[in-house]
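If you want the building blocks of each chain, they are given just below.
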Amino acid sequence: MTAERTLPVAATALTATIAVYITLVAFGNVTDFGTNQEFVRHVLAMDTTFQDRDLMWRAVTDATLQNIAYVTIIVWETLAALVLLAATGLWVRGLRRGGVAAQGFAPARRATTLGLLMLMLLFGLGFIAIGGEWFAMWQSTKWNGLQAATRIFSLAGIVLLLIHLPSPQWRAERAG
């Protein structure tokens, strides 16, 4: 493996890893709908927080709204999974062509960026900011997903940084 291929190979492997992970998450949420539905319900209802009167007005206790939020999360996860699976295919295609095709790895980088940003929005904005702060999930000892959300947000961010590192391979794309 040449030095120019090291970064694209790493990007392929890590994109595939995250693609498989979020695919399994979405699959699990569809096939075991009730488990994480319960999580979303409790976070939105804020029923395991400190019950501070100044915060409880934020609680969403309507089951229909809770279900809409949960289904929206599953749809977003599924779309991110599909984008990242497609991105993995684009990375593999770029590697097979040696990254020298007209576009090289540019389509794979764009698709990976989109998929990773989708995950970072879901877990950063959705779970860490909105769930963690607005719905005070950090106060719950039982229904607190901040550690898992931070882990996924960080992993996606690291891979995003990796695919945007300077590389002779990327420069070759701009010249072509």
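Taking an unreviewed UniProt entry as the reference, the protein chain is identified by name as DUF2165 domain-containing protein belonging to Streptomyces ehimensis.

### Things to note about the packing of helix α3 (residues 63-96) against helix α4 (residues 106-134)
One can describe the packing of α3 onto α4 by two numbers: an axis separation of 8 Å at closest approach and a directional angle of 155 degrees. Taken together, the axes of α3 and α4 are roughly antiparallel relative to one another. For the pair α3 and α4, the crossing hand works out as left-handed. Taken together, the residues of the contact of α3 with α4 break down into 20 nonpolar, two polar and two charged.

### A look at the packing of aromatic side chains
In this structure the tally under the stated criterion is six aromatic pairs. Pairing F33 with Y70 gives two aromatic rings, centres 4.7 Å apart and planes at 65 degrees, and the pair type is edge-to-face. Residue F33 is located in helix α2 (residues 33-45), and its partner Y70 is located in helix α3; the two are separated by 37 residues in the primary sequence. Classification of F33 as partly exposed rests on a relative accessible area of 31%. Between W57 and W134, the ring centres sit 5.4 Å apart and the planes meet at 90 degrees, which makes this aromatic pair edge-to-face.

### So, the environment of L121
Its place among the elements puts L121 in helix α4. For L121, a relative accessible area of 46% gives the class partly exposed.

### Regarding a nonpolar patch on the surface
On the surface, a cluster of nonpolar side chains totalling about 480 Å² of accessible area is made up of F33, V71, V75, L79, L82 and L85. With five residues, the top contributor of residues to the nonpolar patch is α3. One can find L82 in helix α3.

### Focus: empty space enclosed by the protein
Throughout the structure, instances matching the rule amount to one cavity of 30 Å³ or more. A volume near 40 Å³ is recorded for the largest cavity. Along the walls of the largest cavity sit H42, V43, M46, T48, T49, F135, M137, S140 and W143, which together make up its complete lining. When the residues that make up the lining of the largest cavity are grouped by side-chain class, the tally is five nonpolar, four polar and no charged.

Analysis parameters
- Residue positions are given per chain, counted from 1 along the sequence in the order it is written.
- This being a predicted model, a pLDDT of at least 70 is required before a residue's local features are given, and a value of 80 or more before pairs of side-chain atoms are given or counted; all residues contribute to the totals for chains, interfaces and linings.
- To obtain the side-chain values, all non-hydrogen atoms of the structure were used and water was disregarded.
- Here the axes come from fitting lines to C-alpha atoms, over the contacting stretch only for helices, and the angles between their N-to-C directions go from 0 to 180 degrees.
- Helix and strand labels come from DSSP, where a helix needs a run of H or I of at least four residues and a strand needs a run of E of at least two; each type is numbered from the N terminus.
- Angles are sorted into four bins: roughly parallel if under 35 degrees, roughly antiparallel if over 145, roughly perpendicular if 65 to 115, and oblique for all others.
- The crossing is said to be left-handed when, going from far helix to near helix, the turn is anticlockwise and less than a right angle, and right-handed when the turn is clockwise.
- Note on residue categories: nonpolar means Ala, Val, Leu, Ile, Met, Phe, Trp, Tyr, Cys or Pro, charged means Asp, Glu, Lys or Arg, and polar means any other residue, Gly included.
- Two rings belonging to Phe, Tyr or Trp (six-membered ring only in the last case) form a pair when the distance between their centres is within 6.5 Å. Interplanar angles under 30 degrees mark stacking, angles over 60 mark edge-to-face geometry, and anything in between is tilted.
- Each residue's exposure class comes from its accessible area (1.4 Å probe, protein chains only) as a fraction of the maximum for that residue type: buried when under 20%, exposed when over 50%, partly exposed otherwise.
- Residues enter patches when their relative accessible area tops 30% and they take part in no salt bridge; the joining distance is 9 Å for like charges and 5 Å for the nonpolar side chains Val, Leu, Ile, Met, Phe, Trp and Tyr.
- Here, Shrake-Rupley sampling with a 1.4 Å probe gives the accessible areas, and only protein chains in the shown set may cover a residue.
- Counted as salt bridges are all cases of a side-chain nitrogen of Lys or Arg within 4 Å of a carboxyl oxygen of Asp or Glu.
- Buriedness of a pocket was judged along seven lines, with at least five required to meet protein on both sides within 12 Å; pockets are open sets of points on a 1 Å grid over the protein atoms alone, cavities are sets where a 1.4 Å probe fits but cannot get out, and lining residues have an atom within 4 Å of a point.
- Grid points are joined across faces, edges and corners, and a volume is the space filled by probe spheres set on the points.

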